[in-house]
Amino acid sequence: MPGRKVPEWLSESYWAVAWDPQGEIVYRAGRPAPDFVAYEEGRIADELRTREGHRMMRFMGPGRRVIEVGAPLTLIEPQLRQHTRKLIGVGLGLFGGGLLVGWLIVRWGLRPIGVIGRTATEIAEGDLSKRIDSAHASRELHGLAEVLNTTFAKLEAGIKEREQFTADASHELRTPLTVVIGQIQQLLSAERPEQEYREGLLTAERAAQRMKKLVEELLLLARLDEARHAKRDPMDLADVVRTVASEMRGLVAKRDAELKLDLQPAPLMGDRDAIVRVVANLLGNALQHNPTGVSIRIWTRKGEREVELGVQDSGEGIGQEEQKHLFERFYRVDTARSRRSGVGNSGLGLSICDAFVRQHGGRIEVKSEIGRGSTFLVTFPLNSSS
């Protein structure tokens, strides 16, 4: 080894020392080695280490020689700084590129959210027909778009229903109000006999009573729209029917109707006033909107899953097309049927029944055939009963 040529890179920057197995130095090269560099017998514990400003590497060479190579840190620090600058530059480049790519990905991924926001803004500004194009939404946002579209559709339907309700209510209130004002103006226009005053005031009173009833029903429907849950008081549906039938026996007699009660115990948890209103409306409709002498059967029963109320009449019946709209607000099947009983019909009675029943978690259905009468069937879920 002593005769070998020392590499130029080693002579300029590094130093090297080699020991034989007995600890004698057999080779030196490069820069002078530090004074603390000495032979260490036994296993090499740390192959790479730093000590007193030098970076050193020790390893086992041929013939069990121990070789240690090192260099002052002052000589390699410029290279380290250069490498550090390169690493920082590369890191900053990667970081900036990552930010740019991430921004582009997020911007692209959030485009559907921007579309959703713009659609919601347009709906809020009055364009209720706008919907989100869920077909081009990402898989993650497709479900959200569908839910929002369903919500927007319900919102549009609700607003249109309220607008129609307001228009219908205004129209219904305008008629009796016009009658009242017209009668008063007519009576005030000139001196009239006492009988004519009396007849005019009676006409105005009937119109005012009709308007009062309509306002009460409108307020009731408004409260039902706001209320989510009905009261839960124990009752027997059969007892409710008996009470209503007893209270309406005068109207039953006036209409010369035949009332049959088939009442089995039907325990129910609910708002008694609301259930009374449902029974009274259904019985009242059967009496008022059919010819005199109609036969009416009312039954109650408790099934395995439902509590049931049925009101069946043998009257004129309702057409199939009319049955589709029967529970809509202000819908009238036939104004002639109302005039037959001499009672004004606001078209809200069955709507109120439907709202009360749905508030109790139930449903109301009608089956009817022209010339063979109608059957209204109301069912409440068993979980509302005892």
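Up top is the structure.
Anyway, here's the lowdown on the structure attached to this text. (Residues numbered from 1 in each chain as written. Predicted model: local features only at pLDDT ≥ 70, side-chain atom pairs only at ≥ 80, totals over all residues. Heavy atoms only, no water.)

1. Observations concerning a nonpolar patch on the surface
Reasoning step 1: A cluster of nonpolar side chains, Leu100, Trp103 and Leu104, forms an exposed patch at the surface whose accessible area comes to about 330 Å².
Reasoning step 2: Tracing the backbone through its elements, the reader meets Leu100 in helix H2 (residues 73–109). (Patch = residues over 30% accessible without salt bridge, like charges linked within 9 Å, V, L, I, M, F, W, Y side chains within 5 Å. Areas by Shrake-Rupley, 256 points an atom, 1.4 Å probe, with all protein chains shown as cover. Salt bridge = Lys/Arg side-chain N within 4 Å of Asp/Glu carboxyl O. Helix = DSSP H or I, 4+ residues; strand = E, 2+ residues; numbered from the N terminus.)

2. Some details on the pairing of strand S9 (residues 295–302)
Reasoning step 1: In this structure, strand S7 (residues 258–263) lies alongside S9, joined through 6 bridges in parallel fashion. Residue pairing for S9: Glu258 is matched across the bridge by Ser295.
Reasoning step 2: Two strands pair when backbone bridges link them, and S9 and strand S10 (residues 306–313) are joined in this way by 7 bridges, in the antiparallel orientation. Each bridged residue has a counterpart across the sheet, and for Arg301 the counterpart in S10 is Glu308.
Reasoning step 3: Connecting S9 to the antiparallel partner S10 that follows it, the hairpin turn spans 3 residues. (Pairing = 2+ DSSP bridges.)

3. Describing the pairing of strand S5 (residues 66–72)
Reasoning step 1: With 6 of 7 residues buried, S5 lies mostly within the body of the structure.
Reasoning step 2: Of the strand pairs in this sheet, strand S1 (residues 15–19) and S5 are connected by 5 bridges, and their pairing is antiparallel. Residue Val17 lies in a different strand from S5, and its bridge partner there is Glu68.
Reasoning step 3: As paired strands, strand S4 (residues 54–60) and S5 are joined by 7 bridges and run antiparallel to one another. (Buried < 20%, exposed > 50% of the residue type's maximum accessible area, 1.4 Å probe, protein only.)

4. What to know about helix H6 (residues 237–247)
An α-helical turn contains 3.6 residues, so any two residues separated by three or four positions project in the same direction.
Reasoning step 1: All of the buried residues along H6 are Leu237, Ala238, Val240, Val241, Val244 and Ala245. Down the axis of H6, the sector holding all buried residues measures 160°, keeping them to one side.
Reasoning step 2: The secondary structure elements touched by the buried residues of H6 are strand S6 (233–236), helix H7 (249–254), S7, helix H8 (272–288), S9 and S10.
Reasoning step 3: One side-chain oxygen at the N-terminal end of H6 lies 3.0 Å from the backbone nitrogen of Ala238; it belongs to Asp236. (Arc of directions from axis to C-beta. Contact = heavy atoms within 4.5 Å. Polar contact = N/O pair within 3.5 Å; in protein donor to acceptor, adjacent residues only side chain to side chain.)

5. A closer look at the packing of aromatic side chains
Reasoning step 1: Inspection of the entire model under this criterion finds 1 aromatic pair.
Reasoning step 2: Aromatic pair Trp19 and Tyr39: ring centres 6.2 Å apart, planes at 50°, arrangement tilted. In this pair, Trp19 is assigned in strand S1 and Tyr39 in the loop between strand S2 (25–30) and strand S3 (48–51), connecting sequence segments 20 residues apart.
Reasoning step 3: Exposure remark for Tyr39: the relative accessible area of 24% places this residue in the partly exposed category. (Phe/Tyr/Trp six-rings, centres within 6.5 Å; stacked < 30°, edge-to-face > 60°.)

6. Some words on the packing of H8 against helix H11 (residues 349–359)
Reasoning step 1: The contact between H8 and H11 brings their axes to 9 Å, and the two run at 145°. In this structure, H8 meets H11 at a crossing whose hand is left-handed. Contacts between H8 and H11 pair Ala274, Arg277, Val278, Asn281, Leu282 and Asn285 from the former with Gly349, Leu350, Ile352, Cys353, Phe356 and Val357 from the latter. (Axes fitted to C-alpha atoms, helices over the stretch in contact; angles between N-to-C directions. Left-handed = near helix turned anticlockwise from the far one by under 90°.)

7. Quick word on the pattern of salt bridges
Reasoning step 1: Evaluated as defined, the whole model comprises 12 salt bridges.
Reasoning step 2: Note that Arg192 and Glu196 form a salt bridge whose closest N and O atoms lie 2.9 Å from each other.
Reasoning step 3: The class of Arg192 is partly exposed, set by a relative accessible area of 23%.
Reasoning step 4: In this structure, a network of salt bridges that share partners links the residues Arg49, Arg58 and Glu68.

8. Comments concerning the environment of Pro291
Reasoning step 1: Within the element layout of this structure, Pro291 appears in the loop between H8 and S9.
Reasoning step 2: The class of Pro291 is partly exposed, set by a relative accessible area of 34%.
Reasoning step 3: Put simply, Pro291 and Glu316 are 25 residues apart on the chain and 7.8 Å apart in space, counted from C-alpha to C-alpha.

9. Things to note about the sheet that holds S3
Reasoning step 1: Sheet architecture is open: 5 strands sit in the order S2-S1-S5-S4-S3, paired in antiparallel fashion. Strands with a single pairing partner mark the edges of an open sheet, and in this sheet they are S2 and S3. Along the sheet, successive strands turn relative to each other by an average axial angle of 20°, direction set aside.

10. Some points on the sheet that holds S10
Reasoning step 1: The strand order across the open sheet formed by 5 strands is S7-S9-S10-S12-S11, and the pairing between neighbours is mixed. The strands lining the two open edges of the sheet, one partner per strand, are S7 and strand S11 (363–369). Taking the axes of each pair of neighbouring strands and ignoring which way they run, one obtains an average angle of 10° across the sheet.
Reasoning step 2: Strands S7, S9 and S10 of the sheet are contacted by H6, whose axis makes an angle of about 165° with S7.

11. Regarding unusual backbone geometry
Reasoning step 1: One non-glycine residue, Glu52, lies in the positive phi region at around 50°.
Reasoning step 2: Mapped onto the elements, Glu52 comes out in the loop between S3 and S4.
Reasoning step 3: In this structure, Arg64 is a non-glycine residue whose phi angle is positive, near 60°.
Reasoning step 4: Summarising the element assignment, Arg64 is placed in the loop between S4 and S5.

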